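# Tertiary structure, described
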Amino acid sequence: MKIAVIGQSLFGQEVYCHLRKEGHEVVGVFTVPDKDGKADPLGLEAEKDGVPVFKFSRWRAKGQALPDVVAKYQALGAELNVLPFCSQFIPMEIISAPRHGSIIYHPSLLPRHRGASAINWTLIHGDKKGGFSIFWADDGLDTGDLLLQKECEVLPDDTVSTLYNRFLFPEGIKGMVQAVRLISEGKAPRLPQPEEGATYEGIQKKETAKINWDQPAEAIHNWIRGNDKVPGAWTEACEQKLTFFNSTLNTSGLVPEGDALPIPGAHRPGVVTKAGLILFGNDDKMLLVKNIQLEDGKMILASNFFKGAASSVLELTEAELVTAEAVRSVWQRILPNVLEVEDSTDFFKSGAASVDVVRLVEEVKELCDGLELENEDVYMASTFGDFIQLLVRKLRGDDEEGECSIDYVEMAVNKRTVRMPHQLFIGGEFVDAEGAKTSETINPTDGSVICQVSLAQVTDVDKAVAAAKDAFENGRWGKISARDRGRLMYRLADLMEQHQEELATIEALDAGAVYTLALKTHVGMSIQTFRYFAGWCDKIQGSTIPINQARPNRNLTLTRKEPVGVCGIIIPWNYPLMMLSWKTAACLAAGNTVVIKPAQVTPLTALKFAELTLKAGIPKGVVNVLPGSGSLVGQRLSDHPDVRKIGFTGSTEVGKHIMKSCAISNVKKVSLELGGKSPLIIFADCDLNKAVQMGMSSVFFNKGENCIAAGRLFVEDSIHDEFVRRVVEEVRKMKVGNPLDRDTDHGPQNHHAHLVKLMEYCQCGVKEGATLVCGGNQVPRPGFFFEPTVFTDVEDHMFIAKEESFGPVMIISRFADGDVDAVLSRANATEFGLASGVFTRDINKALYVSDKLQAGTVFVNTYNKTDVAAPFGGFKQSGFGKDLGEAALNEYLRVKTVTFEY
């Protein structure tokens, strides 16, 4: 079919290209005259194809069509006029001329919102449904017969741009092509527009976009987003005209605390907060505005309104202006179709592709003495003006992501000075808790106070969740590629390695971890975990699934693995950094954001970790850390409606409570690593030297504060006495002392309450008749030291045979020679199933026992051998879900099934 395309813009260009691909002959393109020397994209594309292009400044004069214009049009012999987007008034002599007439695209569901600002009014009226119409052209009043319509949901925070980019642009192009196809096939309907529900609104202009404050918050929000970005909803305040952009009704967790912004006519003054500008409707409900344009045209973050000029556009020095012009030349070379690169020039709308991003980054690196930009920096600052601002900030070393004021507690210890943050970490900033609440964190080596740490309250949890949600839904984290996400995690792991001695020192101070063990395990395995999951980031993928075909059509079904959203991670006190890393690394690799609650008694490495995330460039709000009590912080995370996943390590009792809260609140996903009473079976045919060595490690590793510690050793009768003799001999060689001393084997227990429980545990064992071979008492020195302890003659009914000590207490029971099934029955007679072990030289026995043991991990001729690539988690009341390995990723992902028909 011979088609004349009348219109302009990228939308017109795409429709033109698609029509040619469909095989239609575009006999002419009519577009607007060049503006400031720049041709419209539609005209540029047609000229490249050798299609005649006409750029009439007007089509008629004094109400009459211009004869010369009509003659040039008629000479083309068009059979159909297609008007994808046209700002000019086209006379009826042209509209009616082709055999098939003319069709026009209109961005609303006609007859609603006739007029030139249809998208604006769809949003201003708060319509829940939007869409577009393609109709047979009339005399310019948008009343022609309908050819086709397509609708979409209007999201609560949609703006003109988001609605256009998400639906009206891509689906509108397809709709125009479909309409032409229907016409060529003789199947195009002509449906008269109903008058019921018809509306006509005028063009939105700046002078008519002033905000009326005497209406509910939702109506104000709709007005702001309906005028975003053009013409811009405005008000007068602080003796100037302020224009508001990026409005949202999602104010969950926001507290209206900050600097008041009086607004004439408003129900209440606005409040400038760290999240943005909070505004109020006459119903006292809130909305949040994130960007403000000042009267001089400068666009600033609303949160920076009272921070002065430094928060708005940078004034460039002469040297920086020279750099800017050099970068402008780079843009000009990459974008040959752009006649002149202006501040408003958009890199991608001007035709740049992903390969051009790489080129730009490399050229800037060469131009700016090795300055490292990320590909994502280009995507986040896509106009030339914004890009120069970002570039200059990075050259000055004050780019936004790096700005953070940290109040350190400094200590000279372990031949170094350690610097420890002690405040809550929310939205990329270290802040005091609500009401300036704090708690003491204690050094278990001597019982002294290390420092006061901010103690999070319920309102702090709400703020942190809101920050995490905003980072997930609107921030850079959700926009960068999976590979770039992995690169940030690798960078974080490198920083942890650079600070490993400081981190290990803090673990020794705050948790009593033996320094050498902290270096290897607490910190070393944490680094390995982040590196392992960083490598997974770009390997998370779904699958294609063959399904029954809907004959005569065909189907394609695929799955997508997506992040779940905001996750809450509640970690224990025995491995503060390592448990954080096991869960957080998988969580971030999957693309989620997180609120971490470290144990109240061991918060310091978690806060140091938070500092390192900033240095690594992890975007603000992705990681949040809230020291505090489980009853407040942990409970609120479990109850919070915006948290979609809880990962918890701790007691079975608390785990059950969390599971119940997760179910009642919003059926959030949950994984639990809970208590254990791990059996270790030692057969007479074992390597006894190794069994003694590993048996010692299975109990006394990390002072017994180890979730998979062997809670009960079953030793075959014929080697029982020799095994006990050797164990006691080794126990007496252990050095109990300062965890920072390099020759210390056994440090203090984590905190005083735990020490007291260990003493009560041992007293119970003695009272029930078990034999206390050694230990069982507090070490007579300052701090929370407990003697390595060994019990024998422990019978199945005893308390210490059934309950874990979570301390350095070895529980030994005998079993009869050769009675494999009986000892297996005793080993499995527990509601716990976290780990287990067996020592034997008989491979058949080892396989049989490992098959029968009811535990998530079985160690054979070893113990405590965990690895970042091997999944870790329990059975029964030891919980469900996995940390580590590929399996851990599934805890933080959801699977979406998508089915196509074609």
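Residues numbered from 1 in each chain as written. Predicted model: local features only at pLDDT ≥ 70, side-chain atom pairs only at ≥ 80, totals over all residues. Heavy atoms only, no water.

The protein is annotated in an unreviewed UniProt entry as 10-formyltetrahydrofolate dehydrogenase from Pan troglodytes. If you open the UniProt record of the protein and go to Catalytic activity (unreviewed entry), you find "(6R)-10-formyltetrahydrofolate + NADP(+) + H2O = (6S)-5,6,7,8-tetrahydrofolate + CO2 + NADPH + H(+)". (UniProt positions renumbered as here; feature names shortened; annotations may be inferred.)

### Comments concerning the domain arrangement of the protein
For the protein, the assigned domains read domain 1 (2-185), domain 2 (206-304), domain 3 (323-396), domain 4 (420-540 + 561-673) and domain 5 (679-877). Spacing between the C-alpha centres of domain 1 and domain 4 amounts to 52 Å. (Domains from an automatic or database assignment.)

### Thoughts on the sheet that holds strand S40 (residues 893-901)
Strand pairing in a sheet relies on backbone hydrogen bonds, with the paired strands running either antiparallel or parallel. The three strands are arranged S23-S24-S40 in an open sheet whose pairing can be described as antiparallel. Pairing within the sheet leaves two strands with one partner each, and these edge strands are strand S23 (544-545) and S40. Of the pairings in the sheet, the one linking S23 to strand S24 (residues 555-563) comprises two bridges and is antiparallel in character. Across the sheet, the residue bridging to Thr544 is Leu558, located in S24. (Pairing = 2+ DSSP bridges. Helix = DSSP H or I, 4+ residues; strand = E, 2+ residues; numbered from the N terminus.)

### Things to note about the UniProt feature "binding site: (6R)-10-formyltetrahydrofolate" (unreviewed entry) in the protein
Summarizing the sequence annotation, UniProt attributes the feature "binding site: (6R)-10-formyltetrahydrofolate" (unreviewed entry) to Gln88, Phe89, Ile90 and Asp142 in the numbering used throughout. Taking the farthest pair of C-alpha atoms as the criterion, the annotated set spanning 55 residues converges on one region, since that pair is 13.9 Å apart. With respect to the secondary-structure elements, Gln88 resides in the loop between strand S6 (80-83) and helix H4 (92-95). Aside from chain neighbours lying at most four places away, what touches Gln88 is Thr31, Val32, Pro33, Phe56, Ser57, Arg58 and Trp59. A distance of 2.7 Å separates the side chain of Gln88 from the backbone oxygen of Phe56, its partner in a polar contact. Locating Asp142 in the fold gives a position in the loop between strand S8 (129-136) and strand S9 (146-153). Those residues within four positions of Asp142 in sequence are excluded, and the remaining contacts are His106, Leu110, Arg114, Gly115, Phe135 and Gln193. (Contact = heavy atoms within 4.5 Å. Polar contact = N/O pair within 3.5 Å; in protein donor to acceptor, adjacent residues only side chain to side chain.)

### Overview of the layout of surface pockets
Considered as a void within the structure, the second largest pocket measures approximately 1300 Å³ in volume. What lines the second largest pocket is a set of 43 residues, among which Trp573, Gly650, Ser651, Val654 and Lys757 lie closest to the centre. When residues in the lining of the second largest pocket are grouped by element, the largest group, six residues, is from helix H22 (residues 752-768). Taken together, the residues of the lining of the second largest pocket break down into 17 nonpolar, 19 polar and seven charged. No fewer than three residues from each of domain 4 (420-540 + 561-673) and domain 5 (679-877) sit in the lining of the second largest pocket. (1 Å grid on protein atoms, 1.4 Å probe; cavity = no way out; pocket = protein on both sides within 12 Å on 5 of 7 lines; lining within 4 Å. Points joined across faces, edges and corners; volume = space filled by probe spheres on them. Nonpolar A, V, L, I, M, F, W, Y, C, P; charged D, E, K, R; others polar.)

### Topic: the pairing of strand S37 (residues 857-860)
The alternating pattern of S37 places Thr857 and Phe859 on a buried face, while none of Val858 and Val860, on the opposite face, is buried. Inspection of the sheet shows strand S36 (residues 835-839) paired to S37 by four bridges, in the parallel sense. What sits directly across from Val838, in S37, is Val860. After leaving S36, the chain enters helix H25 (residues 843-852) and then returns to the sheet as S37, a path that is right-handed. (Buried < 20%, exposed > 50% of the residue type's maximum accessible area, 1.4 Å probe, protein only. Right-handed = clockwise from strand over helix to strand, strands pointing away.)

### Focus on the packing of helix H14 (residues 500-511) against helix H15 (residues 515-534)
Pairs of packed helices are described in terms of their axes, by the angle between the two and the distance that separates them. Taken N-terminus to C-terminus, the directions of H14 and H15 make an angle of 120 degrees; their axes are 9 Å apart at the nearest point. Between H14 and H15, the angle is such that the two are oblique. Both H14 and H15 take part in a crossing whose hand is right-handed. On H15, the residues touching Gln500, Glu501, Leu503, Ala504, Thr505 and Glu507 of H14 are Tyr515, Ala518, Leu519, His522, Val523 and Ile527. The residue makeup of the contact of H14 with H15, split by class, is seven nonpolar, three polar and two charged. (Axes fitted to C-alpha atoms, helices over the stretch in contact; angles between N-to-C directions. Parallel < 35°, antiparallel > 145°, perpendicular 65-115°, else oblique. Left-handed = near helix turned anticlockwise from the far one by under 90°.)

### Regarding the packing of aromatic side chains
The geometry of an aromatic ring pair comes down to the distance between the two centres and the angle between the two planes. One pass over the structure, following the stated rule, counts 25 aromatic pairs. Arranged with centres 4.8 Å apart and planes meeting at 15 degrees, the rings of Phe30 and Phe54 form a pair that is stacked. Here the residue Phe30 occupies a position in strand S2 (residues 25-30), and Phe54 occupies one in strand S3 (residues 53-54), the gap between them amounting to 24 residues. Looking at Phe30, the relative accessible area reads 1%, which means it is buried. Plain terms: the ring middles of Tyr532 and Phe533 are 5.0 Å apart, the flat faces sit at 85 degrees to each other, and that makes the pair edge-to-face. Overall, Phe533 belongs to the buried group, its relative accessible area being 0%. Among the aromatic residues, those joined into a ring-pair cluster are Phe11, Tyr105, Phe132, Tyr164, Phe167 and Phe169. (Phe/Tyr/Trp six-rings, centres within 6.5 Å; stacked < 30°, edge-to-face > 60°.)

### Remarks on a nonpolar patch on the surface
Side chains of Leu556, Phe900 and Tyr902 sit close together on the surface and give an oily, nonpolar patch of about 310 Å² of accessible area. What makes Tyr902 exposed here is its relative accessible area of 54%. (Patch = residues over 30% accessible without salt bridge, like charges linked within 9 Å, V, L, I, M, F, W, Y side chains within 5 Å. Areas by Shrake-Rupley, 256 points an atom, 1.4 Å probe, with all protein chains shown as cover. Salt bridge = Lys/Arg side-chain N within 4 Å of Asp/Glu carboxyl O.)

### Focus on the sheet that holds S3
Judged by pairing direction, the sheet is mixed, and its seven strands sit side by side in the order S3-S2-S1-S6-S7-S8-S9 without closing on themselves. Two strands close off the open sheet at either side, each with one partner strand: S3 and S9. Where S2 meets S3, two bridges bridge the pair, whose relative direction is parallel. Across the sheet, Phe30 pairs through a bridge with Phe54, a residue of S3. Sheet strands in contact with helix H6 (residues 160-184) are strand S1 (2-6), S6, strand S7 (102-106), S8 and S9, and its direction is about 155 degrees off that of S9.

### A short note on the state of the cysteines
Two cysteines, two sulfur atoms, one covalent bond between them: this is a disulfide. One pass over the structure, following the stated rule, counts zero disulfides. Take Cys567: it sits in no disulfide, and the sulfur closest to it among the cysteines is that of Cys587, at 3.8 Å. (Disulfide = S-S within 2.5 Å.)

### What about empty space enclosed by the protein?
Rolled over the atoms, a probe with the dimensions of a water molecule shows which regions are left empty. One pass over the full model with this rule turns up three cavities of 30 Å³ or more. Taken as a whole, the largest cavity encloses approximately 110 Å³ of empty space. Around the largest cavity, the lining comprises 17 residues; the ones closest to its centre are Ala709, Gly711, Glu804, Ser805 and Phe806. If you list the elements that add at least two residues to the lining of the largest cavity, you get strand S31 (710-716) and strand S34 (809-815). Class assignment for the residues of the lining of the largest cavity results in seven nonpolar, seven polar and three charged. Within this model, the second largest cavity holds a volume of roughly 70 Å³. Only strand S30 (678-682), strand S35 (832-833) and S36 provide two or more residues apiece to the lining of the second largest cavity. In the lining of the second largest cavity, the residues fall into seven nonpolar, six polar and two charged.

### Structural notes on helix H11 (residues 384-396)
Between the first and last C-alpha of H11 there are 18 Å, a value that for 13 residues agrees with the 18 Å anticipated at 1.5 Å per step. The set of residues buried in H11 consists of Phe384, Gly385, Phe387, Ile388, Gln389, Leu390, Leu391, Val392 and Arg393. (Expected span 1.5 Å × (residues − 1).)

### Section: the environment of Lys561
Among the structural elements, Lys561 can be located in strand S24. When the C-alpha atoms of Lys561 and Glu429 are compared, they prove to be 31 Å apart, with 132 residues separating the residues in sequence. The residues contacting Lys561, other than those within four sequence positions of it, are Ile540, Gln541, Asn890, Leu893, Arg894 and Val895.

### Some words on the pattern of salt bridges
Here the structure, examined in full by the defined rule, presents 47 salt bridges. In this structure, Asp34 and Lys55 form a salt bridge, with 2.7 Å as the shortest nitrogen-oxygen distance. In this pair, Asp34 sits in the loop between S2 and helix H2 (41-48) while Lys55 sits in the loop between S3 and strand S4 (60-61), placing the two residues 21 residues apart along the sequence. Overall, Asp34 belongs to the partly exposed group, its relative accessible area being 41%. Note on Lys55: relative accessible area 28%, which makes it partly exposed. Glu410 is paired through a salt bridge with Arg419; the nearest N and O atoms lie 3.1 Å apart. Overall, Arg419 belongs to the partly exposed group, its relative accessible area being 35%. Within the structure, one salt-bridge network assembled from shared partners comprises Glu502, Lys608, Glu611 and Lys615.

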